[in-house]
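Residue-level structure breakdown
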Amino acid sequence: MKHKFYDVKTKSAVETEVLECVTFKNASRTSYAFKGKTADGRSLTAFVSKEVWDKANK
């Protein structure tokens, strides 16, 4: 599955393959995110809603 990520280094949006669906938990809430990589190997993270994360994680 592909998703749009924001590349901070180039200050542009890039569309790349989602490598992993992850959650970040703290005491009061859970955040949902996709992980990806740029063509030159840098890590990308895009935070998404729970509904989008659930669709991708099935």
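Summarised in this report is the structure supplied together with it.

Scoring rules and cut-offs
- Residues numbered from 1 in each chain as written.
- Predicted model: local features only at pLDDT ≥ 70, side-chain atom pairs only at ≥ 80, totals over all residues.
- Heavy atoms only, no water.
- Pairing = 2+ DSSP bridges.
- Helix = DSSP H or I, 4+ residues; strand = E, 2+ residues; numbered from the N terminus.
- Polar contact = N/O pair within 3.5 Å; in protein donor to acceptor, adjacent residues only side chain to side chain.
- Contact = heavy atoms within 4.5 Å.
- Phe/Tyr/Trp six-rings, centres within 6.5 Å; stacked < 30°, edge-to-face > 60°.
- Buried < 20%, exposed > 50% of the residue type's maximum accessible area, 1.4 Å probe, protein only.

Structural notes on the pairing of strand 3 (residues 20-25)
Direction of pairing for strand 3 relative to strand 4 (residues 30-37): antiparallel, over a ladder of 6 bridges. Counterpart to Lys25 in the pairing with strand 4 is Thr30. Here strand 3 hands over to strand 4 after 4 residues, the two strands then running antiparallel side by side.

Observations regarding the side chain of Thr38
The topology assignment puts Thr38 in the loop between strand 4 and strand 5 (43-48). Looking at Thr38, its side chain comes within polar contact range of the side chain of Asp40, at 2.4 Å.

Overview of the side chain of Asp7
Here Asp7 is to be found in strand 1 (residues 2-7). Those residues in contact with Asp7 that sit more than four places away from it in its chain are Ser12, Val14, Thr38, Arg42 and Leu44.

Things to note about the packing of aromatic side chains
Here the structure, examined in full by the defined rule, presents 2 aromatic pairs. Between Phe24 and Phe47 the ring centres are 5.7 Å apart and the planes differ by 50°, which places this aromatic pair in the tilted class. Of the two residues, Phe24 is situated in strand 3 and Phe47 in strand 5; the sequence distance between them amounts to 23 residues. Seen from their ring centres, Tyr32 and Trp53 are 5.0 Å apart, and the 50° between their planes marks the pair as tilted. A residue pair is termed long-range when its members are at least 10 positions apart, and Tyr32 in strand 4 and Trp53 in helix 1 (residues 50-56) qualify at 21 residues. We note that Tyr32, like Trp53, is buried.

Overview of the pairing of strand 5
In strand 5, alternate side chains face the same way, and those of Leu44, Ala46 and Val48 are buried while those of Ser43, Thr45 and Phe47 on the opposite face are not. Two strands pair when backbone bridges link them, and strand 4 and strand 5 are joined in this way by 6 bridges, in the antiparallel orientation. Within strand 5, the position partnered with Ala33 by the bridge is Phe47. Linkage of strand 4 to strand 5, two consecutive antiparallel strands, is achieved through a turn of 5 residues, within which Gly41 is found at a positive phi near 95°.

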